[in-house]
Amino acid sequence: MRILLVEDEVLLAETIRRGLSNEGFIVDVVHDGVSGLWAATENPYDVILLDLMLPLKNGYDVLRELRDRKIWTPVMMLTAKDGEYDQTDAFDLGADDYLTKPFSFLVLVARLRALIRRGAPERPVVMTLGTLTMDPVTRSVQRGGSPISLTAKEYGLLQFLMRRHGDVVSKAEILDNVWDPAFDGGENVVEVYVGYLRRKIDTPFNLATLATVRGMGYRLSADRAPSA
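Residues numbered from 1 in each chain as written. Predicted model: local features only at pLDDT ≥ 70, side-chain atom pairs only at ≥ 80, totals over all residues. Heavy atoms only, no water.

**Student:** Just checking my understanding: could you explain the sheet that holds strand β9 (residues 146-148) for this structure?
**Tutor:** Spatial ordering of the open sheet is given by β6-β7-β8-β9, a layout of four strands whose pairing is antiparallel. A single partner strand is all that each edge strand has here, and the edge strands are β6 (127-129) and β9. For this sheet, the mean inter-axis angle between neighbouring strands, taken without regard to orientation, is 25°. Bridging between β6 and strand β7 (residues 132-135) involves three bridges; their strand directions are antiparallel. Looking at β7, one finds that Met 127 is bridged to Met 134. Each of β6, β7 and β8 (140-143) touches helix α6 (residues 152-163); the most contacted strand, β7, lies at about 115° to it. (Pairing = 2+ DSSP bridges. Helix = DSSP H or I, 4+ residues; strand = E, 2+ residues; numbered from the N terminus. Axes fitted to C-alpha atoms, helices over the stretch in contact; angles between N-to-C directions. Contact = heavy atoms within 4.5 Å.)

This is how it looks when you write it as structure tokens:
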């Protein structure tokens, strides 16, 4: 089992390398993002351990370029940053796991073995629902090839709805998942932004994919013409 470790903290990298070697792994170590990207594209690995904050090219950019090149080797991000948005960004770009420093070495080994068992099936990160596509890498949205310009909040709302497509989601669920926890406004803001989003992803295309389910919430479906 061959591992690529991309970590700029030399002492930490050596500690991880030694520990994994004792567990039977073969570990290649590089200390910057450019070298990590080169190694990951030139050699076959079972898992890539990728630090987030790297010199020359950060972990996000390395991961983005790997997935753009259709290299689907499982990637575990290693970082001292533990914000939920950092984790969300990593998973949106195609990461398979995320471990916050400091971490238990036993946990690291267990999760590495789980990733290796899972393997590396091809899994494009672009989300598609009917003619609507969302690319978290470029943060672009299109309907039938026509670009749609969204604000950051509209984008977050659409991303949540696409992940839950077909389900009815309440205003409270949307607030919990799209708005900052410190937001103290009412649920009516969801209705306002649903209206904004509908006018961008549906109205210009004569579709009605973002439906209001009276008394319950909203549901995003594949291409659907408005009712007569």
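Right, picking up where we left off after that structure.
**Student:** Help me understand the nonpolar core, please; the structure alone is not making it clear to me.
**Tutor:** Nonpolar side chains in soluble globular proteins tend to be buried together. By size, the foremost hydrophobic cluster in this structure holds 26 residues, and its most contacted members are Leu 158 and Ile 174. Elements supplying a minimum of two residues to this core: β6, β7, α6, α7 (171-178), α8 (188-201) and β11 (217-220). For Ile 174, the residues in contact, after removing those within four places along its chain, are Leu 157, Phe 160, Leu 161, Val 169, Trp 179, Val 190 and Tyr 218. Leu 4, Val 6, Ala 40 and Ile 48 belong to the second-largest nonpolar core, a separate cluster that totals 20 residues. (Core = buried A, V, L, I, M, F, W, Y, C linked by side-chain atoms within 4.5 Å. Buried < 20%, exposed > 50% of the residue type's maximum accessible area, 1.4 Å probe, protein only.)

**Student:** Where do I start with α8 in this structure?
**Tutor:** Quick reminder: α-helices carry 3.6 residues per turn. Residues three or four places apart thus point the same way. Between its terminal C-alpha atoms α8 stretches 20 Å, which fits the 20 Å expected from 14 residues at 1.5 Å a residue. Listing the buried residues of α8 in full gives Val 189, Val 190, Val 194, Gly 195, Leu 197 and Ile 201. (Expected span 1.5 Å × (residues − 1).)

**Student:** How should helix α3 (residues 59-68) be read in this particular structure?
**Tutor:** Every buried residue of α3 is listed here: Gly 59, Tyr 60, Val 62, Leu 63, Leu 66 and Arg 67. For α3, the buried positions fall inside an angular range of 165° around the axis, keeping them on one side. Two or three places before Tyr 60, at the start of α3, stands the capping residue Asn 58, its side-chain oxygen 3.0 Å from that residue's backbone nitrogen. Downstream of α3 by a residue or two, Lys 70 has a phi angle that is positive, lying close to 60°. (Arc of directions from axis to C-beta. Polar contact = N/O pair within 3.5 Å; in protein donor to acceptor, adjacent residues only side chain to side chain.)

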